[in-house]
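Structure assessment
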Amino acid sequence: MLFKRKSATLAAEPGEALPQAQDQAPARPPKEKLGWFEKRDRRRRRRKVFEEVLGWILVPAIIYLIYLCIQAVGGIPKEIIDFANEIITMAMKGGKG
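Residues numbered from 1 in each chain as written. Predicted model: local features only at pLDDT ≥ 70, side-chain atom pairs only at ≥ 80, totals over all residues. Heavy atoms only, no water.

**Details of the overall build of the chain**
Of regular secondary structure, the chain possesses two helices and zero strands. Within the chain, the proportion of its 97 residues that are buried is 0%. (Helix = DSSP H or I, 4+ residues; strand = E, 2+ residues; numbered from the N terminus. Buried < 20%, exposed > 50% of the residue type's maximum accessible area, 1.4 Å probe, protein only.)

So, in C-alpha cells, the structure goes:
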C-alpha cells in the first residue's frame, strides 16, 4: 500500500468513529496453479477466438476492397471472364478437352 491512512488525525472530530474495516481490502483467495495442459488449452482457446474475430473483420473488408478495385477499373475485363469460363468448363469435363 502506497498511501496508508493515518490512524488518528488532529482534524478528526471527537465523536467521529475511525473506519477500520474500510482500510483493509478483503483478502483474495490464492490463484490456482495451472499445469502445462491447462495453460496450453487456454492459449488455444484465446487464439481461436482471436482468429474468429479477425476473420469476421478481415474477410468482409477484403471482399469490399476487391469490389472497390473492380469499380475503379470499370468492371471486369472480358478476357478474364472468358478465361474463367474456359477453366470452369475444363473442370466440369474432367480436364480433357
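Here the narrative resumes, following the displayed structure.
**Some details on the UniProt feature "transmembrane region" (unreviewed entry) in the chain**
Within this numbering scheme, the UniProt entry marks residues 49–68 as carrying the feature "transmembrane region" (unreviewed entry). Secondary structure across residues 49–68 comprises 100% helix and 0% strand; the distance between its end C-alpha atoms is 29 Å. (UniProt positions renumbered as here; feature names shortened; annotations may be inferred.)

**Some words on the pattern of salt bridges**
Per the stated rule, a full pass over the model turns up four salt bridges. Between Lys78 and Asp82 there is a salt bridge, and its shortest N-O distance comes to 3.0 Å. Of this pair, Lys78 and Asp82 are both found in helix α2 (residues 78–93), four residues apart, which corresponds to roughly one turn of the helix. (Salt bridge = Lys/Arg side-chain N within 4 Å of Asp/Glu carboxyl O.)

**Some words on α2**
Taking 1.5 Å of rise per residue, the 16 residues of α2 would be expected to cover 22 Å, and the 23 Å separating its terminal C-alpha atoms lies within 8% of that figure. Following α2 by one or two positions, Gly94 adopts a phi angle in the positive range, close to 105°. (Expected span 1.5 Å × (residues − 1).)

**Describing the environment of Ile76**
Locating Ile76 in the fold gives a position in the loop between α1 (36–73) and α2. Exposure remark for Ile76: the relative accessible area of 47% places this residue in the partly exposed category. Discounting chain neighbours no more than four positions away, the residues touching Ile76 are Ile70 and Ile81. (Contact = heavy atoms within 4.5 Å.)

**So, a nonpolar patch on the surface**
The grouping of Phe50, Leu54, Leu58, Ile62 and Ile66 at the surface amounts to a nonpolar patch, some 470 Å² of accessible area in total. Residue classification places Ile62 among the partly exposed residues on the basis of a relative accessible area of 48%. (Patch = residues over 30% accessible without salt bridge, like charges linked within 9 Å, V, L, I, M, F, W, Y side chains within 5 Å. Areas by Shrake-Rupley, 256 points an atom, 1.4 Å probe, with all protein chains shown as cover.)

**Observations concerning α1**
An α-helix turns once every 3.6 residues. As a result, residues three or four positions apart point the same way. Given a rise of 1.5 Å per residue, 38 residues ought to cover 56 Å, and the 53 Å separating the end C-alpha atoms of α1 matches this to within 8%. Along α1, the sharpest change in direction is near 25° and occurs at Gly55. Backbone geometry just downstream of α1 places Gly74 in the positive-phi region, at approximately 105°. (Bend = angle between axes of the 7 residues up to and from the residue.)

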